[in-house]
Amino acid sequence: MADAIQFYEPNERYGFFSNFSLHSIVIDGTTWPTVEHYYQASKFLAADIIARVHHATTPEQAFKISREYSKQVRPDWNSIKEAVMMRGLRCKFHQHHPLAHWLVATETQPIVEHCYSDAYWGDGGDGSGQNRLGQLLMALRDELKNKHPYKMIRYVDAAQLPTQFGVFTMHGFVQPDNNTEHLALTYGELDVTKPVLIRLHSECLTGDALYSLRCDCGFQLQKALETIVSHGSGALLYLRQEGRGIGLLNKIRAYHLQDKGADTVEANERLGFAADMREYHFCEGMLHYLEIDQVKLMTNNPRKVQALCIAGINVVERVPLQEGHNIYNDNYLATKSSKLRHILSKEDGFSLS
Ligand SMILES: Nc1nc2c(ncn2[C@@H]2O[C@H](COP(=O)(O)OP(=O)(O)OP(=O)(O)O)[C@@H](O)[C@H]2O)c(=O)[nH]1
Ligand SMILES: [Zn+2]
């Protein structure tokens, strides 16, 4: 199989598929150190054997202990083992969000446990085996990819992004329905047991990359990245929503109308657009991948707070992000404050006329 994904050792690139990968699972209130512990213990009815396997220090140990009691395997094991395995896999991928996104990201590639010593769960080393573990993983992938949130946004890949502020990890996503690409930049170890400092930053080529003074975006982007680094950890979701969702060329048309006296809302409306065309629903899937469900959100825009609340994210605090006010964007900011309900204070000395 040309593009098949072969896995076996937990520490290899696709090692997270292995039942020996160190991902604990909770089933009926019991925590199992790995799927292997759960699977091997499920072979037995005797509580003392189950306990010995359960408390094995490693998945390899759990496997070995189970072998010692091969004569005491429950009589119906062959008829239930696939259901047991699938239950363990479902828990593993549902309880560890990145794993589920990584599984869906393999799209239609065949998944094969490349194992010389196992011709049932593995491929037998030469492809003659049944690869039942690979089959169950592919069946689970088919289940997940048609479910929320994988339907609305797909994780694709990640890479390091060294910046002048610090080294971030860049996670790439795509919306399957319109192929729009988005990024999440993460910094440090995200402690998701506490509110994570994040920013939802809408793409603004002129502000973010061309040093425009017409808006505050570039200043906000820099301040947000600096703040995340000085905080020690956080995430910036970089959303491809140029022009508040109308695109770069329409933003230039809107700017042209503003050069003639329209404000940023009137310009959009004269072009036939709403004042703000952005949607944020797919952020839920990006935060699901990052396992973030409570945040401190750097924004002046109440719509972003509302959008995350609708997505079920607990916005514990709004962190103001008022940067780069100057003579060229004073009217723009004043309009955002008066017409788009942005929360802007006059503390930075400008009139916000
Ligand atoms: N259509 C249009 N879009 C603009 C204009 N100025 C900035 N933008 C876009 O607005 C988006 C940035 O949104 P802002 O309103 O600056 O701020 P916000 O992101 O809504 O709120 P904050 O989180 O507080 O920054 C980017 O997509 C910019 O390209 C404009 O005059 N017209
Ligand atoms: Zn901008």
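This text goes with the structure placed above it.
Thresholds, definitions, all that
- Residues numbered from 1 in each chain as written.
- Chains lettered and ligands numbered in written order.
- Predicted model: local features only at pLDDT ≥ 70, side-chain atom pairs only at ≥ 80, totals over all residues.
- Heavy atoms only, no water.
- Core = buried A, V, L, I, M, F, W, Y, C linked by side-chain atoms within 4.5 Å.
- Buried < 20%, exposed > 50% of the residue type's maximum accessible area, 1.4 Å probe, protein only.
- Helix = DSSP H or I, 4+ residues; strand = E, 2+ residues; numbered from the N terminus.
- Contact = heavy atoms within 4.5 Å.
- Near = heavy atom within 4 Å.
- Polar contact = N/O pair within 3.5 Å; in protein donor to acceptor, adjacent residues only side chain to side chain.
- Nonpolar A, V, L, I, M, F, W, Y, C, P; charged D, E, K, R; others polar.
- Donors = N, O, S within 2.8 Å, 3.2 Å for Na, K, Ca; no water.
- Expected span 1.5 Å × (residues − 1).
- Arc of directions from axis to C-beta.
- Phe/Tyr/Trp six-rings, centres within 6.5 Å; stacked < 30°, edge-to-face > 60°.

Peer 1: Explain the nonpolar core to me, and be specific about the residues and the numbers.
Peer 2: Formed by 39 residues in total, the largest nonpolar core has its most connected members in Phe17, Met85, Leu89, Phe93 and Leu137. For this core, the secondary-structure elements that each account for two or more residues are strand 1 (5-7), strand 2 (25-27), helix 1 (35-41), helix 2 (47-54), helix 3 (59-68), helix 4 (77-95), helix 5 (97-105) and helix 6 (132-145). With seven residues, helix 4 is the largest single contributor of residues to this core. Every residue in contact with leucine 137, bar those within four places of it in the chain, is listed here: Phe7, Phe17, Leu89, Phe93, Leu103 and Ile111. Membership of the second largest hydrophobic core comes to 27 residues, among which are Phe173, Leu239, Val305 and Val315.

Peer 1: So what about the site of ligand 1? Which residues, and what values?
Peer 2: In the vicinity of ligand 1 there are 25 residues, among which Arg199, Arg278, Thr299, Asn300 and Lys304 approach most closely. At 2.8 Å, a side-chain N or O of asparagine 268 approaches a nitrogen atom of ligand 1. Here an oxygen atom of ligand 1 sits 2.6 Å away from a polar atom, N or O, in the side chain of threonine 299. Counting residues per element, the ones that place at least two in the shell around ligand 1 are strand 8 (196-202), helix 8 (217-231), helix 9 (248-259), helix 10 (264-270) and helix 13 (330-339). It is helix 9 that contributes the most residues to the shell around ligand 1, three residues altogether. Partitioned by chemical class, the residues of the shell around ligand 1 number five nonpolar, 11 polar and nine charged.

Peer 1: Account for the coordination of the zinc ion (ligand 2), naming residues and giving values.
Peer 2: Note on the zinc ion (ligand 2): its protein donors are Cys204 (SG), Cys215 (SG) and Cys217 (SG). The metal-donor distances range over 2.1 to 2.2 Å. Taken in sequence order, the residues that donate to the zinc ion (ligand 2) follow the motif C-x10-C-x1-C. Of the two residues examined, cysteine 215 and cysteine 217, each falls in the buried class.

Peer 1: Lay out helix 9 with the relevant residues and their values.
Peer 2: Residues spaced three or four apart along an α-helix point in a common direction, a consequence of the helix completing one turn every 3.6 residues. With 12 residues, helix 9 should reach 16 Å at 1.5 Å per residue; the first-to-last C-alpha distance of 16 Å fits that figure. Considered for burial, the residues of helix 9 that qualify are Asn250, Lys251, Ala254, Tyr255 and Gln258. With its buried residues spanning 150 degrees around the axis, helix 9 presents them on a single face. Every exposed residue of helix 9 that faces more than 90 degrees away from the buried side is listed here: Leu249 and Asp259. Of the surrounding elements, those touching the buried residues of helix 9 are helix 7 (205-208) and helix 10. Positive backbone phi, approximately 115 degrees, marks glycine 261, located one or two places after helix 9.

Peer 1: Which residues make up the packing of aromatic side chains, and what are the values?
Peer 2: Enumeration according to the criterion identifies 15 aromatic pairs in this entry. Judged by centre distance (6.2 Å) and plane angle (75 degrees), the ring pair of phenylalanine 44 and tyrosine 69 falls under edge-to-face. On the criterion of sequence distance, the pair formed by phenylalanine 44 in the loop between helix 1 and helix 2 and tyrosine 69 in the loop between helix 3 and helix 4 is long-range, its members being 25 residues apart. Each member of the pair, phenylalanine 44 together with tyrosine 69, is buried.

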